[in-house]
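Residue strings, one per chain:
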Amino acid sequence: MPPSYTRFSTSIQPESAFTVLAVARQLIAAGKEVIELEIGDSPFATPDGAVEAGIQAIRDGRTTYGPSVGLPEFRAAAAAYVTEEHGFEVTAKHVVAGPGAKTFEQLFCEAFLEPEDGVLVFSPYFPTYAANIARRGARMVLSSLRASHAFRPNVGDVRRFLDEDSRAKAIFLNSPHNPTGGVATGDDLRGLADLVRGRDVAVFSDEPYDCMVWEGRHQSLLAQPGMLEQTVAAYTFSKSFSMSGWRLGYAVSSPETVQVFDLLTNTALSCVAPFTQLAGVAALQHDRQYRDDRMKEFHRKVELLVRGVNTIDGVTCLMPGGTFYVFPSVAEICNRHGITSHGLAMYLLEGADERLGVACLGGECFGAAGAGFLRLSCAQPDDRLTAAVSFIAAATTRDDRIVAYLDAHPDHRLETPYALSD
Ligand SMILES: Cc1ncc(COP(=O)(O)O)c(C=O)c1O
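For clarity, every value in this text was computed on a predicted model and none was experimentally measured.

So, about the site of the ligand. Neighbouring the ligand are 14 residues; Ala 101, Asn 178, Asp 206, Tyr 209 and Thr 236 lie closest to it. Ala 101 places a polar main-chain atom, nitrogen or oxygen, 2.7 Å from an oxygen atom of the ligand. Between the ligand and Lys 102 there is a distance of 3.1 Å, counted from an oxygen atom to a backbone nitrogen or oxygen. Considering the ligand on its own, with 400 Å² of exposed area, one finds that the protein chains cover 94% of that surface. Grouping the amino acids of the shell around the ligand by side-chain chemistry returns 5 nonpolar, 5 polar and 4 charged.

Okay, structure coming up:
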């Protein structure tokens, strides 16, 4: 008899972008043309400097285990980069390497959470937060991000959580925010820091989009007085340096927390591949112009897509403050046709046309607060973005096809209409 699986492993949800990606790839393999706006991956090549450094490191035999906390030269380069780019001083001892930013969600939860502890999460949220909080048996407490507040964190909700939850222990902050594109202002971060400072509360500040801030510069919670002791900020090479498949990131925190992460990394991962870290050092030191040029491209594409989707009947979309995601409200279209936003996304991919589809995500893939929205990633050539807009505009008027799709997929029927304003 096969052994039974844990309740944890059979109840967690995967990152939905990867699920839709798999469906899209199946349809493409079967001959359908799909405009892929579902996954937040860079379409650009890894910069040459990083590629060359990685290959050279392999040739130089940097292919064995390294220190769990990260190579000294990687930690020093990451510290110098954060100091120069984000305007607060850190050193190598504040840095721990990881295979991307996502791992730090798990390590953060292992470092700080006991079963039943309360964790404030702004919703919609990056889907793997839920699994990592559940991994420790902790409790997720949600605070909704609203379009009317530019999808910025509600500091009043933070105060209520800290005052009223007897086991309040952690906060997950993500700015710039996936999926909404919202960016916390300096005042938001000051307000949040003033509330958590001096309490037994840790903040996971997820900052993979630190180079995708479309007005002004990125601001980290770490820059607020006292926050280095209470915050773990996670950074990645996936977005800024087009290195998602290399699996490289780092976290910045107090030396004490870094030591705990060192131990947790040791027991779970051993280390990040040294040659990957050396490619990262080259990117940080030599490829910032390449990064900035690519970020400008993303910004232009975001503006193109927002302008486009706002021309579609029934769609309203804010200009995101950051990220390469566009998060339009499609509540009116969903209510008109009695279809959920996830159902609408699946219809655009599978049901709207035999030969062409658009892959994107329903906002509820990021928690109930995302219902009534779609998340579209801009990581496609301009003509594909324009074609996607025309396709969505036409597909959402084809009543007969939507009815047929809902008949075949009744689970996508919308039972209660979405609120049209928040
Ligand atoms: C909010 C957020 N956190 C973490 C990650 C994970 O990035 P990485 O590739 O560095 O693991 C992503 C990637 O899309 C993200 O959007």
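After presenting the structure, the write-up continues.
With that settled, the discussion passes to unusual backbone geometry. Of note, the bond from Ser 123 into Pro 124 is cis; its omega dihedral lies within 30 degrees of zero at 5 degrees. As for its position among the elements, Pro 124 is in the loop between β3 (118-123) and α6 (128-135). Residue Pro 176 follows Ser 175 across a cis peptide bond; omega there is -10 degrees. If you trace the backbone, Pro 176 turns up in the loop between β5 (168-174) and α8 (186-196).

Tracing the chain through its elements places Glu 207 in the loop between β6 (202-206) and α9 (227-230). Using a relative accessible area of 1% as the deciding quantity, one classes Glu 207 as buried. Between the C-alpha atom of Glu 207 and that of Gln 26, which follows or precedes it by 181 residues, the distance is 32 Å. The contact partners of Glu 207, leaving out residues within four places of it in the chain, are Ser 175, His 218, Ser 220, Leu 221, Ala 233, Ala 234 and Tyr 235.

So, about the sheet that holds strand β12 (residues 374-377). Taken in spatial order, the 3 strands line up as β9-β12-β11 in an open sheet, and their pairing is antiparallel. The sheet terminates laterally at β9 (325-326) and β11 (361-362), the two strands that pair on one side only. Bridge count between β11 and β12: 2 bridges; the pairing is antiparallel. Residue Gly 362 lies in a different strand from β12, and its bridge partner there is Leu 374.

Attention shifts here to the domain arrangement of the protein. Domain boundaries assigned for the protein yield domain 1 (7-44 + 291-412) and domain 2 (48-286). Distance from the C-alpha centre of domain 1 to the C-alpha centre of domain 2: 27 Å. Contact with domain 1, which involves 30 residues of that partner, is made by 35 residues of domain 2. A buried area of about 2,700 Å², summed over both sides, lies between domain 1 and domain 2, and 64% of it is on carbon and sulfur atoms. The largest share of the area that domain 1 buries against domain 2 comes from Arg 291, Thr 323 and Phe 366, three residues that together contribute 24% of it. In this structure, the connection of domain 1 to domain 2 is made through 1 salt bridge. As a salt-bridge pair, Glu 85 and Arg 291 come within 3.3 Å of each other at their nearest N and O atoms. The tally of links between domain 1 and domain 2 comes to 13 residue pairs in polar contact (both at pLDDT 80 or more). Those elements that provide at least two residues to the side of domain 1 that touches domain 2 are α2 (16-29) and α12 (288-309). The element contributing the most residues to the side of domain 1 that touches domain 2 is α12, with 5 residues.

Evaluation of the coordinates by the stated rule reveals 22 aromatic pairs. Relative to Tyr 325, the ring of Phe 324 has its centre 5.0 Å away and its plane inclined at 75 degrees; by these criteria the two rings are edge-to-face. Residue classification places Phe 324 among the buried positions, given a relative accessible area of 0%. When its relative accessible area of 1% is taken as the criterion, Tyr 325 is described as buried. An aromatic cluster is defined as three or more aromatic residues linked by ring pairs; in this entry it consists of Phe 74, Tyr 81, Tyr 235, Phe 237, Phe 241 and Tyr 250.

What follows deals with helix α15 (residues 382-395). With 14 residues, α15 should reach 20 Å at 1.5 Å per residue; the first-to-last C-alpha distance of 20 Å fits that figure. Of all the residues in α15, the buried ones are Leu 385, Ala 388, Val 389, Phe 391, Ile 392 and Ala 395. For α15, the buried positions fall inside an angular range of 165 degrees around the axis, keeping them on one side. Check the buried side of α15 and you find it contacts β1 (33-36), α12, α14 (341-351), β10 (356-359), β12 and α16 (399-408).

This paragraph deals with the packing of helix α5 (residues 103-112) against helix α10 (residues 255-268). Packed helix pairs are specified by the crossing angle of their axes together with the interaxial distance, meaning the distance between the axes. Interaxial distance between α5 and α10 falls to 10 Å at its minimum, and their mutual angle equals 110 degrees. By the angle class used here, α5 and α10 are roughly perpendicular. Crossing handedness for the pair α5 and α10: right-handed. Across the interface between the two elements, Phe 104, Leu 107, Phe 108, Glu 110, Ala 111 and Phe 112 of α5 pack against Thr 257, Val 260, Phe 261, Leu 264 and Thr 265 of α10. Classifying every residue of the contact of α5 with α10 gives 8 nonpolar, 2 polar and 1 charged.

Analysis parameters
- Residues numbered from 1 in each chain as written.
- Predicted model: local features only at pLDDT ≥ 70, side-chain atom pairs only at ≥ 80, totals over all residues.
- Heavy atoms only, no water.
- Near = heavy atom within 4 Å.
- Polar contact = N/O pair within 3.5 Å; in protein donor to acceptor, adjacent residues only side chain to side chain.
- Areas by Shrake-Rupley, 256 points an atom, 1.4 Å probe, with all protein chains shown as cover.
- Nonpolar A, V, L, I, M, F, W, Y, C, P; charged D, E, K, R; others polar.
- Helix = DSSP H or I, 4+ residues; strand = E, 2+ residues; numbered from the N terminus.
- Buried < 20%, exposed > 50% of the residue type's maximum accessible area, 1.4 Å probe, protein only.
- Contact = heavy atoms within 4.5 Å.
- Pairing = 2+ DSSP bridges.
- Domains from an automatic or database assignment.
- Buried area = accessible area lost by both parts, 1.4 Å probe.
- Salt bridge = Lys/Arg side-chain N within 4 Å of Asp/Glu carboxyl O.
- Phe/Tyr/Trp six-rings, centres within 6.5 Å; stacked < 30°, edge-to-face > 60°.
- Expected span 1.5 Å × (residues − 1).
- Arc of directions from axis to C-beta.
- Axes fitted to C-alpha atoms, helices over the stretch in contact; angles between N-to-C directions.
- Parallel < 35°, antiparallel > 145°, perpendicular 65-115°, else oblique.
- Left-handed = near helix turned anticlockwise from the far one by under 90°.

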